[in-house]
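# Remarks on the overall topology
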Amino acid sequence: MANRPIFITTKNPKKLFEEKNIEFKFFNGFAISQKSKSIKSLHQNAKDQGIKNILEVSTKSDSELGWKLSAFNLMVDFDGDKQISLECAFQGSKVFDGNVQYKDIYEKQSIEAKKDSRLKTSGKIIGFDFEGNFWDNEPKTAFYDWMYINALYKNNRDIVEELLEYEAFSDIEFNPKKSINCQARTCAVLVSLVKLDLIDEALESKEKFIEIIYGKRLRQEVLF
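On a predicted model such as this, the values are computed, not experimentally measured, just so you know.

A separate point is the layout of surface pockets. Roughly 1500 Å³ of volume is contained in the largest pocket. Lining the largest pocket are 39 residues, and of these E87, Q91, K114, E173 and S179 sit closest to its centre. Those elements giving two or more residues to the lining of the largest pocket turn out to be α3 (86-92), α4 (110-114), α5 (118-121) and β8 (125-130). For the second largest pocket, the calculated volume is near 340 Å³. Lining the second largest pocket are 15 residues; nearest its centre among them are D77, F130, W146, M147 and N150. Within the residue set of the lining of the second largest pocket, elements represented by two or more residues are β4 (75-78), β9 (133-135) and α6 (142-155).

Moving on to the sheet that holds strand β7 (residues 100-101). In spatial order, the strands read β7-β6-β8-β9; together these four strands make up an open sheet with antiparallel pairing. Because the sheet does not close on itself, it has two edges, and the strands there are β7 and β9. Looking at chain direction, β8 and β9 are connected through three bridges and run antiparallel. Across the sheet, the residue bridging to F130 is N133, located in β9.

This part covers the packing of aromatic side chains. Under the defined criterion, the tally for this structure stands at 18 aromatic pairs. Each ring, one from F78 and one from Y106, has its centre 4.9 Å from the other, and the planes form 55°; the classification is tilted. One end of the pair, F78, is in strand β4; the other, Y106, is in the loop between β7 and α4, and 28 residues separate them in sequence. Look at Y106 and you get buried, because its relative accessible area is 6%. With centroids separated by 5.1 Å and ring planes inclined at 85°, the aromatic side chains of W146 and F209 adopt a geometry described as edge-to-face. Residue W146 is located in helix α6, and its partner F209 is located in helix α10 (residues 206-214); the two are separated by 63 residues in the primary sequence.

The subject of this paragraph is the packing of α6 against α10. Interaxial distance between α6 and α10 falls to 11 Å at its minimum, and their mutual angle equals 105°. As the angle between them shows, α6 and α10 are arranged roughly perpendicular. Along the contact surface, α6 presents A142, D145, W146 and I149, while α10 presents K206, F209, I210, I213 and Y214. When the residues that make up the contact of α6 with α10 are grouped by side-chain class, the tally is seven nonpolar, no polar and two charged.

Reading guide: rules and limits
Residues numbered from 1 in each chain as written. Predicted model: local features only at pLDDT ≥ 70, side-chain atom pairs only at ≥ 80, totals over all residues. Heavy atoms only, no water. 1 Å grid on protein atoms, 1.4 Å probe; cavity = no way out; pocket = protein on both sides within 12 Å on 5 of 7 lines; lining within 4 Å. Points joined across faces, edges and corners; volume = space filled by probe spheres on them. Helix = DSSP H or I, 4+ residues; strand = E, 2+ residues; numbered from the N terminus. Pairing = 2+ DSSP bridges. Phe/Tyr/Trp six-rings, centres within 6.5 Å; stacked < 30°, edge-to-face > 60°. Buried < 20%, exposed > 50% of the residue type's maximum accessible area, 1.4 Å probe, protein only. Axes fitted to C-alpha atoms, helices over the stretch in contact; angles between N-to-C directions. Parallel < 35°, antiparallel > 145°, perpendicular 65-115°, else oblique. Contact = heavy atoms within 4.5 Å. Nonpolar A, V, L, I, M, F, W, Y, C, P; charged D, E, K, R; others polar.

Right, here's the structure in full:
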């Protein structure tokens, strides 16, 4: 057995998602068929607990929509007239001690970007810099959420409309013991923002985004 979180949309502007850990039967192996069995087990157990309309958001999703929403496949605007995957944008934007940044990752394939060995050997991440816009480490998921929500809402309104049909989201690959950012959680936040009519205000600026989603204010560019 294993546990994975399900992220549920809300109608509460002070809490844009609810997280519920679900125990399910995990099928070992890297084959898509094994991942699919695990996802079905996870979703069935979640439904048994009253959680409905769940979308798996990952490259292992049985849904084309869930596959498109993977950070490996979702594209963000880059360098004026280009697009790169959100995964490459996120990994290439990491800034390490000594202001070290590996911008060549922007040009890689998603899987290569994620597995770049330098990301694990360069010390502490001090923030993120994407096209001259610097983000601090706190709130911890702010930069990832900003990139993801912008890419969807500004460039993929048709996908957002499909997302609104779902009440909850999962990512079979996400392990909260090993990772912080989760595309399923960000999808839940996005849907809640849209349904609460807060999305446009949240995307006005970095300051508004952090205030609305995390309940924190920026003062003199320092988060507290």
